[in-house]
Each structure stands twice: as structure tokens, then as C-alpha cells.
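Listed below are the residues making up each chain.
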Amino acid sequence: MKEWKEFENNEISHSMAHYLMAIQELHKRQGYARVTDVAKELEITAGSASVSIKKLRADGWVEEDHNRFIRLSPEGERLAHEIHINNRLFVAFLSELLHVSEAQAQIDACKIEHLLSSETREKMLRFMTYIHEDNKVVKNFRHGWNDYHFDCHGPEDCLVCEDGETCAIHEKLTHLMDQPKG
Ligand SMILES: [Zn+2]
Ligand SMILES: [Zn+2]
């Protein structure tokens, strides 16, 4: 199996993941969820919410009671919870550690939140927990990292540059250096 095909085999699509999280959020907030509530929450039409929820029910992620109230199945709860954790971990990783802007971190985390394996989620959690520890080694690492500045000068000192194929950081610098000085 080629890795790129794994994307298509993911348990759930991105929009379906957001349906699950919306249903979970509605239950937390108001104690119940109807198709119209989900539609409103996701800013979509009741018609398309209805079609998607039907599919989620067929796939076993969502259940409907006799009053037509919907809720997550135990499997749906598990998945929504995992996606939520992935999101929080990635927002923290990107914004706190890599210093990506909060808004961009939210966008990137949202895009990948439903795709992470349980192995990556667990290792990510361990890493993020470690990085917050209050000991000398970690503090030194954080200081060093915060002060670190990287200029790419090509393959000799860069992890990703190859001969003839330079990284974006390198291109940006070359471009800047080519600008006539005013
Ligand atoms: Zn998302
Ligand atoms: Zn480079």
C-alpha cells in the first residue's frame, strides 16, 4: 500500500468530522441536537445537514432517537474526542512551540485534526507534556530554541535543500539578495 492512498482510507472525512464535533458541542451547550441545530452550527442548509447525518447514521457514528433528536454513538464519541485532542495538541505545537501565529495554527490544526494516527497523537502528547516540564534541560532547550535563527545557505547547512532544489527559506533569501538596494 502506497502511503498517499491512506488519505482515502481515513476513518472519516474532514466535513464529517466537523458534524461529529458540532453534535458534541450542541449536547454540551444545550443538552440536545436536531438536524436544524447542526445546520445552524455549521452554517449550512438543513437539506445538506440532513443528507450528511443520514450517512453518519448509516456508518454508525450517529444515532437518532424516536423524537428525531440526534446524538453520537459511543464510537462517534470516541472519534470526536480524538479529533478534539488532535486539534488542541496541534494548535499548541504550532503556536507555542513553532511560533506560528495563533490564527494560522488554528487553520492548519483544523485541516489535519481528523487525520492523525493514535500513535502520532500519543507521541505528540508526550512531547508537548515534556516541553512544558519545569526542569533545567527543557528550559535550556526552550531558551535556545527561542533565540535560534536559521538562514539557509543551501545544501551544506540545510536539512531539506538539495542540489538544484532549494528550500523556500533559501529562495526567499536569494530573492531578497537579488533586489536592487535602494
Ligand atoms: Zn477541521
Ligand atoms: Zn534550505
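Since the structure is predicted, the reported quantities are computational estimates derived from the model, not experimental observations.

Participant: Can you help me understand the pattern of salt bridges in this one?
Facilitator: When charged atoms on two side chains of opposite charge get close, those side chains can pair. Considering all chains together, one arrives at 14 salt bridges under this definition. In this structure, the salt-bridge partner of R78 is E11, at a minimum N-O distance of 3.1 Å. Residue R78 is found in helix α4 (residues 74-97), and its partner E11 is found in the segment before α1 (14-30); the two are separated by 67 residues along the sequence. The exposure class of R78 is partly exposed, given its relative accessible area of 27%. By sharing partners, the salt bridges in this structure join E11, E75, R78, E82 and R121 into a single network.

Participant: Help me out: how do you make sense of the side chain of N87 in this one?
Facilitator: Positionally, N87 belongs in helix α4. Excluding its chain neighbours within four sequence positions, the residues that come into contact with N87 are A109, C110 and E113.

Parameters at a glance
- Residues numbered from 1 in each chain as written.
- Chains lettered and ligands numbered in written order.
- Predicted model: local features only at pLDDT ≥ 70, side-chain atom pairs only at ≥ 80, totals over all residues.
- Heavy atoms only, no water.
- Salt bridge = Lys/Arg side-chain N within 4 Å of Asp/Glu carboxyl O.
- Helix = DSSP H or I, 4+ residues; strand = E, 2+ residues; numbered from the N terminus.
- Buried < 20%, exposed > 50% of the residue type's maximum accessible area, 1.4 Å probe, protein only.
- Contact = heavy atoms within 4.5 Å.

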